[in-house]
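# Descriptive structure summary
Chain by chain, the residues run as shown.
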Amino acid sequence: MRHTRPSLRVLSRAATACALLTVLLSVAPARADAVDDLHQAGLAAAKRGDWAAAKQAWSAAAALLDHPDPRIEYELGTAHAQLDELGPAVLHLRIASELARDGELRRRAQLNLGIVRRRAELAAEATGSRVAPPEPWTERLVEIVASDLVAWLSAGLVLLASLAWIVSWRLA
C-alpha cells in the first residue's frame, strides 16, 4: 500500500474551509450577544423613562434578527405607545401577539394593544375622526381556539369522556 502526501492545494483548501467554518460559527453567537445587549440597554432606558433611547436600542436589536422576535416586538410596541406613536405601536404589538408562544407575553401584548386602541379612539374623537372597527369576533374566536388553554381543556374533556365510557362499559 502506497501512501501519498496531500498536495499543497488540498491542504490550502482544507485550511480555507476550516477558517470559513470557524468564522461562520462565531458570527451567530456574536449576533445573539449583540441582540441581548441591545435588549438589556432598551430595558435600562425604559426603566429610566427614556423611551426614545429604548426604542432606538430595540429597533437596532430587531434589525440584527432574521425573523421578528415577539419579545423585541412587544418592547418596541410599548416604546412606541409611550412616545404616542400609535400606528407603529399597533403594528409591533400585533406582531408580538401573533408570534408569542408564551401565553403571558401574548396576554400582555393584547392588553397593551387594547390600551393603544382606546387611546387612538379618544384621539380620533377629539379631532372628529373615526378609528377602523376592531377585528371581527370570528378572528378573536380563532385566536381563542388556537390558544394553549383550549387545547388542554379539550384534552382533559376527551380523557374524562373516555374514562366515563370505560366505567359505563364495565358496569354494563
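The following paragraphs examine the structure supplied in this document. Computed from a predicted structure; not experimentally measured.

## Observations regarding helix 4 (residues 86-99)
Here helix 4 contains 14 residues, and its C-alpha end-to-end distance of 20 Å stays within 8% of the 20 Å for a straight helix at 1.5 Å per residue. Among all positions of helix 4, only L86, A89, H92, L93, A96 and S97 are buried. Taken down its axis, helix 4 places every buried residue within 140° of arc, on the same side. The exposed set on the far side of helix 4, more than 90 degrees from its buried face, consists of G87 and E98.

## Focus: helix 2 (residues 51-64)
Since there are 3.6 residues in each turn of an α-helix, residues three or four apart along the chain are aligned in direction. For helix 2, with 14 residues, the first-to-last C-alpha span of 20 Å sits near the 20 Å given by 1.5 Å per residue. Turning to helix 2, its buried residues number three or more, namely A54, A57, W58 and A61. The buried residues of helix 2 occupy an angular sector of 90° when the element is viewed end-on, so they sit on one face. Pointing more than 90 degrees away from the buried face of helix 2 are the exposed residues Q56 and A63.

## Examining the environment of N112
Within the secondary structure, N112 is located in helix 5 (residues 103-127). For the pair N112 and R94, spaced 18 residues apart in sequence, the C-alpha to C-alpha distance is 9.7 Å. Setting aside residues up to four positions removed in sequence, N112 forms contacts with Y74, T78 and L93.

## Points about the packing of helix 2 against helix 3 (residues 70-82)
Interaxial distance between helix 2 and helix 3 falls to 9 Å at its minimum, and their mutual angle equals 150°. Relative to helix 3, the element helix 2 lies roughly antiparallel. Judged by the twist between their axes, the crossing of helix 2 over helix 3 is left-handed. On helix 3, the residues that touch W51, K55, W58, S59, A61 and A62 of helix 2 are I72, E75, L76, T78, A79, H80 and Q82. Class assignment for the residues of the contact of helix 2 with helix 3 results in seven nonpolar, four polar and two charged.

Conventions and cut-offs
Residues numbered from 1 in each chain as written. Predicted model: local features only at pLDDT ≥ 70, side-chain atom pairs only at ≥ 80, totals over all residues. Heavy atoms only, no water. Helix = DSSP H or I, 4+ residues; strand = E, 2+ residues; numbered from the N terminus. Expected span 1.5 Å × (residues − 1). Buried < 20%, exposed > 50% of the residue type's maximum accessible area, 1.4 Å probe, protein only. Arc of directions from axis to C-beta. Contact = heavy atoms within 4.5 Å. Axes fitted to C-alpha atoms, helices over the stretch in contact; angles between N-to-C directions. Parallel < 35°, antiparallel > 145°, perpendicular 65-115°, else oblique. Left-handed = near helix turned anticlockwise from the far one by under 90°. Nonpolar A, V, L, I, M, F, W, Y, C, P; charged D, E, K, R; others polar.

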